[in-house]
Amino acid sequence: QVQLVESGGGLVQAGGSLRLSCAASGRTVSSYAMGWARQAPGKEREFVAAISWSGSRIYYADSVKGRFTISRDNAKNTVYLQIDSLKPEDTAVYYCTADPSIMTIHVGGGPSSSWGQGTQVTVSS
C-alpha cells in the first residue's frame, strides 16, 4: 500500500489558479502511476488526470484538458496538479491516487488503488 497526503486546496475566485500537491510514501512509490480524481457535492467521484511512473504517459478528463496539468517529481515522491482558469464547476474534493496501472486510475480506480484523504477546492463566481 501507498500512503498519500494531499495539500494545496483552498478558496479561490473564478479564473484563478491553484497547485495541488500529493506526497506519497510506502513501497516503491516511484514505480506507481499516480493521478487525481474529484468529487463534487451530490455527485460521484470522477477521474481528473493520471501520469505514469516515468511521466511519459498522461491522461486528462475532457472537462479539464487545457486547464489542468499533472506532473510528478519522483525524487520527492510527489505528484502535482496545476489548475488554471478555475471555474465554479471545479468545486470539489480532490483526491490523489496511486496504482501500479495508469489505466486503472483512468477508469476510476480499483482494488489495487491507494487514495489520499482529499483536499477541498472551492471556486467562487
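Residues numbered from 1 in each chain as written. Predicted model: local features only at pLDDT ≥ 70, side-chain atom pairs only at ≥ 80, totals over all residues. Heavy atoms only, no water.

So, the pattern of salt bridges
Pairing is possible between side chains that carry opposite charge, provided their charged atoms lie close to one another.
Move 1: Under the counting rule described, the total for this entry stands at four salt bridges.
Move 2: One salt bridge connects Asp 90 with Arg 38, and the closest N-O pair in it is separated by 2.9 Å. Of this pair, Asp 90 sits in the loop between strand S8 (78–83) and strand S9 (92–99) while Arg 38 sits in strand S4 (residues 33–39), placing them 52 residues apart in sequence. Neither residue differs from the other here; Asp 90 and Arg 38 are each classed as buried.
Move 3: Across the pair Lys 65 and Asp 62 runs a salt bridge, and its minimum N-O distance is 3.2 Å.
Move 4: Lys 65 sits in the partly exposed class, given a relative accessible area of 49%.
Move 5: Residues participating in the shared-partner salt-bridge network are Arg 38, Glu 46, Arg 67 and Asp 90. (Salt bridge = Lys/Arg side-chain N within 4 Å of Asp/Glu carboxyl O. Helix = DSSP H or I, 4+ residues; strand = E, 2+ residues; numbered from the N terminus. Buried < 20%, exposed > 50% of the residue type's maximum accessible area, 1.4 Å probe, protein only.)

Side note on the packing of aromatic side chains
Move 1: Scanning the model with the defined rule gives zero aromatic pairs in all.
Move 2: The ring of Tyr 95 has Arg 45 sitting right over it, with the charged end atom 5.6 Å from the ring centre.
Move 3: The lysine or arginine in question, Arg 45, covers the ring of Trp 115, its NZ or CZ lying 3.6 Å from the ring centre. (Phe/Tyr/Trp six-rings, centres within 6.5 Å; stacked < 30°, edge-to-face > 60°. Lys NZ or Arg CZ within 6 Å of the ring centre and 35° of its normal.)

Considering the state of the cysteines
Here a disulfide denotes a covalent bond joining the sulfur atom of one cysteine to the sulfur atom of another.
Move 1: Under the definition given, this model contains one disulfide.
Move 2: Bridging Cys 22 to Cys 96, the disulfide has an S-S length of 2.1 Å. Every disulfide takes its handedness from the sign of the S-S torsion; for Cys 22 and Cys 96 that torsion is -80°, giving left-handed. Here the residue Cys 22 occupies a position in strand S3 (residues 18–26), and Cys 96 occupies one in strand S9, the gap between them amounting to 74 residues. (Disulfide = S-S within 2.5 Å.)

A closer look at the nonpolar core
Move 1: In terms of nonpolar packing, the biggest core is built from 34 residues, with Leu 4, Met 34, Trp 36, Val 79, Leu 81 and Tyr 94 touching the most fellow members.
Move 2: If one sorts the elements of this core by residue count, strand S5 (residues 46–51) sits on top with five residues.
Move 3: With residues near it in sequence (within four places) discarded, Tyr 94 still touches Glu 6, Leu 20, Trp 36, Ala 37, Arg 38, Phe 68, Leu 81, Ile 83, Gly 118, Thr 119 and Val 121. (Core = buried A, V, L, I, M, F, W, Y, C linked by side-chain atoms within 4.5 Å. Contact = heavy atoms within 4.5 Å.)

Here's the deal with the environment of Arg 57
Move 1: Tracing the chain through its elements places Arg 57 in the loop between S5 and strand S6 (58–60).
Move 2: Put simply, Arg 57 and Ala 33 are 24 residues apart on the chain and 9.3 Å apart in space, counted from C-alpha to C-alpha.
Move 3: For Arg 57, the side chain forms a polar contact with the side chain of Tyr 59, separated by 3.1 Å. (Polar contact = N/O pair within 3.5 Å; in protein donor to acceptor, adjacent residues only side chain to side chain.)

Quick notes on unusual backbone geometry
Move 1: Positive phi values are uncommon outside glycine, yet Asn 77 reaches one of about 50°.
Move 2: Looking at the element boundaries, Asn 77 is found in the loop between strand S7 (68–73) and S8.
Move 3: The exposure class of Asn 77 is partly exposed, given its relative accessible area of 28%.
Move 4: One non-glycine residue, Ser 85, lies in the positive phi region at around 50°.
Move 5: Looking at the element boundaries, Ser 85 is found in the loop between S8 and S9.

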